[in-house]
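# A closer look at the structure
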Amino acid sequence: MSAIEGREATGAALRPQPRYSPRPDAVRLTLTELLVLFAIGAAGGLVGDAAHVDAGTTRYLDHSLPFVWNSALWFPILVGLATSAVGELRLRLAPPGVGLDLRQGTGAIAAVLAIYATTALVYDEPEGAATTLALMLAVVVVCWLADGWPTIVCGVAAAIVGPLAEILIVELELAEYAESSDSLFGVALWLPALYLAFGVVAARLAELLVTRRRGRPQLDQAPASAATNPSSSSPE
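Below, the structure is looked at part by part. (Residues numbered from 1 in each chain as written. Predicted model: local features only at pLDDT ≥ 70, side-chain atom pairs only at ≥ 80, totals over all residues. Heavy atoms only, no water.)

### Examining the environment of Trp149
Selection rule: Runs of E in the DSSP output that reach at least two residues are strands. Runs of H or I that reach at least four are helices, and both are numbered from the N terminus.
The residue Trp149 is located in helix α6 (residues 149–171) in this model. Separated by 56 residues in the primary sequence, Trp149 and Leu93 have C-alpha atoms spaced 9.2 Å apart.

Right under this line is the structure:
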């Protein structure tokens, strides 16, 4: 019986740890983390929107507020708030898993900006082909970064709410899309794909921030794993 119990104990120790941590201190973003997400979203929005304005994909109709680079002041503010909101939504859906590291987080931001720039380059191409390209690039981002249903929910929510907000902006005559890219109630047909990638990345960035606040749990588990394997530490 002791041998069986020993094998069961060893098997339990080697089973994968739960994906999500139940620690209550990791399920909300701090004010600093919200501001970091806001800054990332605002800066990324300015870069992507500059590409759209330069290419002629979008055009601002209202100039009552100051402009930052090529964007009306309200645009980076809205994108920053949306980034923070998606990050907070991610943590309200479920406790965070192991987040990205800084290198992966930087790559995730670059991936969204690459899709943003791509839509600027193809805005006057056949919309079906441009939409397929943007959507497949977004699917690559989802397959790479989505670590579970909460992240996917954030991406889908952004893919719905984001275009609806831009449709409202067009209806209010604050901005407009080029005639070759306005078949979705005045906005581009590829816009949901761009927001899908944005939502997934914003969710994962929130996990990155929380993981850095808590430390790296995967490193904390390494000594425990070594302790459960006597052969790794016993002298030969």
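So that's the structure; there's more coming.
### Describing the nonpolar core
Using the following cut-off: By nonpolar core is meant a set of buried Ala, Val, Leu, Ile, Met, Phe, Trp, Tyr and Cys residues that side-chain atoms within 4.5 Å join together. Only protein chains enter the accessibility calculation, which uses a 1.4 Å probe; a residue is then buried when its area is under 20% of its type maximum, exposed when over 50%, and partly exposed in between. For this analysis, residues touch if any pair of their heavy atoms sits within 4.5 Å.
By size, the foremost hydrophobic cluster in this structure holds 49 residues, and its most contacted members are Val141, Leu145, Tyr177, Trp190, Leu191, Leu194 and Val201. Counting only elements with at least two residues in this core, the list comes to α3 (74–93), α4 (102–121), α5 (127–145), α6, β4 (175–177) and α7 (191–214). Here this core gets 16 residues from one element, more than from any other, and that element is α7. The contacts of Leu194, once residues within four sequence positions are left out, are Val112, Ile115 and Tyr116.

### Regarding the packing of aromatic side chains
Quick note on the threshold: Between rings of Phe, Tyr and Trp, where Trp is taken as its six-membered ring, a pair exists when centres lie within 6.5 Å; planes separated by under 30 degrees are stacked, by over 60 edge-to-face, and by other angles tilted.
In this structure the tally under the stated criterion is five aromatic pairs. Residues Trp74 and Phe75 carry aromatic rings whose centres are separated by 6.3 Å and whose planes lie at 75° to one another, so their mutual orientation is edge-to-face. Of the two residues, Trp74 and Phe75, both sit in the buried class. Ring geometry for Tyr195 and Phe198: centres 6.1 Å apart, planes at 90°, overall edge-to-face. Taken together, the residues span about one helical turn, with Tyr195 and Phe198 both in helix α7 at a distance of three residues. Each member of the pair, Tyr195 as well as Phe198, carries the same accessibility label: buried. The structure contains a cluster of three or more aromatic residues connected by ring pairs, namely Tyr60, Phe67, Trp74 and Phe75.

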